[in-house]
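The chain contents come next:
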Amino acid sequence: MKKIIKKYVFFLVVVAINLFTMFFYPQVEKDTLIFTGKNFINFLFMLTPIFICIGLLDVWVDRETMIKIMGEKSGLQGIFVAFLLGVATAVPLYALLPVAGMMLKKGSKIANVLIFICSCASIRIPLLLFEVSSMGWKFTIIRFVVNIFVVIIIAFIIEKVLTEKNKKSIYDKAKNM
């Protein structure tokens, strides 16, 4: 019983706070539930197409093709493809992890998956467009160029730091998705 409570402590605290709010501040609780419901629906509408795309990626792209494009021996092509996929992606960051897991499951190199995730987080096109309008072209171009190198360096440093046991564990967890 303690193990279950420990595992769900955050959820239980949120439920307790909601129950407290419901009894002492019913209007606030009503607004909170409406807000939570809207966010949950947005979350579902965002994740549903992503999971459909992940399923299609799993079925349509065979492992050998993914290994050829983004695997251990993909070289500059793998880096370029991972970077382009990351820059062109316009989904929330929480949606990237299932995509990254599928890429690992299909045999992508860990550094290429990290390049994909980091480029999605820091240099995607919608972010660049917003940055140009706020900070100007000069700043955006400098940050973009610097980020390209930083993303690639970080990805390769992380891959070099990982032991073979760590890499095997990551690939095994991805296969069990």
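Residues numbered from 1 in each chain as written. Predicted model: local features only at pLDDT ≥ 70, side-chain atom pairs only at ≥ 80, totals over all residues. Heavy atoms only, no water.

## As for the overall build of the chain
When you go through the chain residue by residue, the secondary structure sums to ten helices and zero strands. The order of α-helices and β-strands along the chain, N terminus first, is α-α-α-α-α-α-α-α-α-α. Over its C-alpha trace the chain gives a radius of gyration of 21 Å, far above what one expects of a compact globule, namely 16 Å for 177 residues. On the principal axes, the C-alpha backbone points of the chain span a range of 60 × 50 × 35 Å. Burial status across the chain gives 29% buried among its 177 residues. Long-range contacts, defined here as pairs at least 24 residues apart, represent 73% of the contacts in the chain between residues at least 6 apart. Total accessible area on the chain stands at roughly 12300 Å², and carbon and sulfur atoms take up 76% of it. (Helix = DSSP H or I, 4+ residues; strand = E, 2+ residues; numbered from the N terminus. Rg over C-alpha atoms; globule rule 2.2 N^0.38 Å. Buried < 20%, exposed > 50% of the residue type's maximum accessible area, 1.4 Å probe, protein only. Contact = heavy atoms within 4.5 Å. Areas by Shrake-Rupley, 256 points an atom, 1.4 Å probe, with all protein chains shown as cover.)

## Things to note about the pattern of salt bridges
Using the criterion set out here, one finds three salt bridges in the structure. Residues Glu131 and Arg143 are paired through a salt bridge, measuring 2.6 Å at the closest nitrogen-oxygen approach. Of the two residues, Glu131 is situated in helix H8 (residues 125-135) and Arg143 in helix H9 (residues 137-161); the sequence distance between them amounts to twelve residues. Residue Glu131 is classed as buried on the basis of its relative accessible area of 10%. Judged by its relative accessible area of 18%, Arg143 is buried. Between Lys168 and Asp172 there is a salt bridge, and its shortest N-O distance comes to 3.0 Å. Of this pair, Lys168 and Asp172 both sit in helix H10 (residues 164-175), separated by four residues, roughly a single helical turn. You can call Lys168 exposed: its relative accessible area is 52%. Under the relative-accessibility criterion, Asp172 is labelled partly exposed at 30%. (Salt bridge = Lys/Arg side-chain N within 4 Å of Asp/Glu carboxyl O.)

## Quick look at the nonpolar core
Within the largest apolar cluster, 22 residues are counted, with the highest numbers of intra-cluster contacts made by Leu104, Ile115 and Phe116. Of all the elements, helix H7 (residues 110-122) adds the most residues to this core, at seven residues. Setting aside residues up to four positions removed in sequence, Ile115 forms contacts with Ile79, Ala82, Phe83, Val151, Ile152, Ala155 and Phe156. In this structure, Leu47, Ile50, Ile54 and Ala95 belong to the second largest nonpolar core, which totals five residues. (Core = buried A, V, L, I, M, F, W, Y, C linked by side-chain atoms within 4.5 Å.)

## Observations regarding the packing of helix H3 (residues 26-60) against helix H6 (residues 96-105)
Running from amino to carboxyl end, H3 crosses H6 at an angle of 5 degrees, the nearest separation of the two axes being 10 Å. Accordingly, the angle class assigned to the pair H3 and H6 is roughly parallel. Only Pro98, Val99, Met102 and Lys105 of H6 make contact with H3, whose side of the interface consists of Ile50, Phe51, Ile54, Leu57 and Asp58. Its residues assigned to classes, the contact of H3 with H6 comprises seven nonpolar, no polar and two charged. (Axes fitted to C-alpha atoms, helices over the stretch in contact; angles between N-to-C directions. Parallel < 35°, antiparallel > 145°, perpendicular 65-115°, else oblique. Nonpolar A, V, L, I, M, F, W, Y, C, P; charged D, E, K, R; others polar.)

## Some words on the packing of helix H5 (residues 75-88) against H7
Running from N to C, H5 and H7 cross one another at 30 degrees; their axes reach a closest spacing of 7 Å. Classified by the angle their axes make, H5 and H7 are roughly parallel. Seen along the crossing, H5 lies across H7 with a hand that is right-handed. On H7, the residues touching Gly78, Ile79, Ala82, Phe83, Leu85, Gly86 and Val87 of H5 are Asn112, Ile115, Phe116, Ser119 and Cys120. Grouping the amino acids of the contact of H5 with H7 by side-chain chemistry returns eight nonpolar, four polar and no charged. (Left-handed = near helix turned anticlockwise from the far one by under 90°.)

## Remarks on the side chain of Thr21
Relative to the elements of secondary structure, Thr21 occurs in helix H2 (residues 9-24). Sequence-distant contacts of Thr21, that is, excluding residues within four places in its chain, are made with Pro26, Val28 and Glu29.

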